[in-house]
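Residues per chain, in single letters:
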Amino acid sequence: MSSTTNLVEQSKKLCAYAAVDNNLKPNHKIIGIGSGSTVVYVAERIGQLSNKSDFVCIPTGFQSKQLIIDNKLQLGGLEENPIIDIAFDGADEIDSDLNAIKGGGACLLQEKLVADSAKEFIIVADDRKNTGILGKGWNKGIPIEVIPNAYNKIINELNSIGGNAKVRSGLPAKAGPAITDNGNFIVDCDFGQVPASQVDELNKKIKLMVGVVETGFFVKMAQKAYIGNADGTVTTLSV
Ligand SMILES: O=C(CO)[C@H](O)[C@H](O)COP(=O)(O)O
């Protein structure tokens, strides 16, 4: 592992541990666990607690479910636990209002369900994600989960409002489109930089396209973000 990779990994761990240590309380009985490489350390930290039988963890997808099981945490479902006390998740990019782009790992629908059901939603990310404006650092486009046979219709509609959209490929693991945990496709749409004041309006426009299941814009959902810096410090952002 190169020293840069080491530093990024270290910063992910630091921010995840700080987010858990500073926010998880004994009265939190239902905990949302997100997806991605940073949340691995959230699950690890929660797994170190001695009162693991006192709470239930709700996953945001297949990887997240495995993290819960691997850390010997109690697995629960959103059906039986529709109100989550606190949820932790990663992000692909964060702006100055704590709006986020999510879905780089194709889990955005379940991630948004968990975040939306949570009384407190906390983002953990290394400092490459904290650019202040969505689309500045993340140039792969906004992930949008769509019904499979609607993908070309939606690509046309996204392009007609100024986007540059393409269906996400499953290569090299799978020929053809990537398939989400919900059996849908992901369309990634680049809109360039989206100022914080325009994120809500753009998100609503996309949501209204028939065949769109969910967008990767998380608009004002997070109360706090823990950012792991390369120098070993953690910055806390809050709204
Ligand atoms: O939205 C996500 C998956 O759909 C992840 O939370 C996001 O991609 C961040 O992942 P990482 O912590 O590996 O940078």
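The structure this text deals with has already been given above.
So, here's what we can say about the structure. Quick caveat: nothing in here was measured; it's all calculated off a predicted structure.

Thresholds applied
- Residues numbered from 1 in each chain as written.
- Predicted model: local features only at pLDDT ≥ 70, side-chain atom pairs only at ≥ 80, totals over all residues.
- Heavy atoms only, no water.
- Near = heavy atom within 4 Å.
- Polar contact = N/O pair within 3.5 Å; in protein donor to acceptor, adjacent residues only side chain to side chain.
- Areas by Shrake-Rupley, 256 points an atom, 1.4 Å probe, with all protein chains shown as cover.
- Nonpolar A, V, L, I, M, F, W, Y, C, P; charged D, E, K, R; others polar.
- Salt bridge = Lys/Arg side-chain N within 4 Å of Asp/Glu carboxyl O.
- Helix = DSSP H or I, 4+ residues; strand = E, 2+ residues; numbered from the N terminus.
- Buried < 20%, exposed > 50% of the residue type's maximum accessible area, 1.4 Å probe, protein only.

With that settled, consider the site of the ligand. Residues in close proximity to the ligand total 16 residues, the closest being Ser37, Thr38, Asp92, Gly103 and Lys129. In this structure, an oxygen atom belonging to the ligand sits 2.4 Å away from a side-chain N or O atom of serine 37. Side-chain polar atom of lysine 102 to an oxygen atom of the ligand: 2.9 Å apart, as the coordinates give it. Here the ligand loses 89% of its free accessible area of 380 Å² to cover by the protein chains. Along the lines of polarity and charge, the residues of the shell around the ligand split into three nonpolar, eight polar and five charged.

Attention shifts here to the pattern of salt bridges. Enumeration over the complete set of coordinates arrives at ten salt bridges. One salt bridge in this structure joins aspartate 188 and arginine 168, with 2.8 Å as the shortest N-O distance. A residue pair is termed long-range when its members are at least 10 positions apart, and aspartate 188 in strand E10 (residues 185-190) and arginine 168 in the loop between strand E9 (164-167) and E10 qualify at 20 residues. Here arginine 168 falls in the buried class, since its relative accessible area comes to 16%. Here aspartate 200 and lysine 204 are joined by a salt bridge, their closest N and O atoms 3.0 Å apart. Within this pair, aspartate 200 and its partner lysine 204 are both found in helix H6 (residues 196-207), separated by four residues, close to a single helical turn. Judged by its relative accessible area of 33%, aspartate 200 falls in the partly exposed class. Each of the salt bridges in this network shares a partner with another, and the network as a whole consists of Asp89, Lys102 and Glu111.

On to unusual backbone geometry. Peptide bonds are mostly trans, and most non-glycine residues show a negative phi. Leucine 171 connects to proline 172 through a cis peptide bond whose omega is 5°. Within the secondary structure, proline 172 is located in the loop between E9 and E10. Despite not being glycine, lysine 72 shows a phi value in the positive range, around 55°. Within the secondary structure, lysine 72 is located in the loop between helix H3 (62-70) and strand E3 (84-89). The residue alanine 106 is not glycine, and still its phi comes out positive at about 70°. Looking at where alanine 106 falls in the secondary structure, it is placed in the loop between strand E5 (100-101) and helix H4 (108-117). Classification of alanine 106 as buried rests on a relative accessible area of 15%.

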